[in-house]
Amino acid sequence: MTAQRMVYLMTATVVGAGIWHTGFDRASWILYIPVGVLFFAGVSGICLGLIFWRAFGFK
């Protein structure tokens, strides 16, 4: 499994936890975490999640 795929899974897990946390009729603040991280990666070109998973040996 590649580091990029782990980033996708990590994002999906956080979004899923946020949806589960508040239910389907409301949005929790936790949903802003992946949005903020992905926005930062898009603007700066530095993907913090990718750096994190590569440090653990994923390609």
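Preceding block: the structure.
Just so you know, these numbers come straight off a predicted model, no measurement behind them.

Undergrad: How do you make sense of helix α1 (residues 3-22) when you look at a structure like this?
TA: Note that an α-helix has 3.6 residues per turn; residues three or four places apart therefore point the same way. Under the 1.5 Å per step criterion, the end-to-end length of α1 is 29 Å for 20 residues, consistent within 8% with the ideal 28 Å. Of all the residues in α1, the buried ones are Ala-3, Met-6, Val-7, Thr-11 and Gly-18. When α1 is viewed along its axis, its buried side chains cluster within an angular range of 140 degrees and face the same direction. Exposed residues on α1 whose side chains face more than 90 degrees from its buried face are Tyr-8, Thr-13 and Trp-20. Tucked into the core, α1 has its buried residues touching α2 (32-44) and α3 (48-55). Two residues or fewer past α1, Gly-23 is found with a positive phi of approximately 95 degrees.

Criteria and cut-off values
- Residues numbered from 1 in each chain as written.
- Predicted model: local features only at pLDDT ≥ 70, side-chain atom pairs only at ≥ 80, totals over all residues.
- Heavy atoms only, no water.
- Helix = DSSP H or I, 4+ residues; strand = E, 2+ residues; numbered from the N terminus.
- Expected span 1.5 Å × (residues − 1).
- Buried < 20%, exposed > 50% of the residue type's maximum accessible area, 1.4 Å probe, protein only.
- Arc of directions from axis to C-beta.
- Contact = heavy atoms within 4.5 Å.

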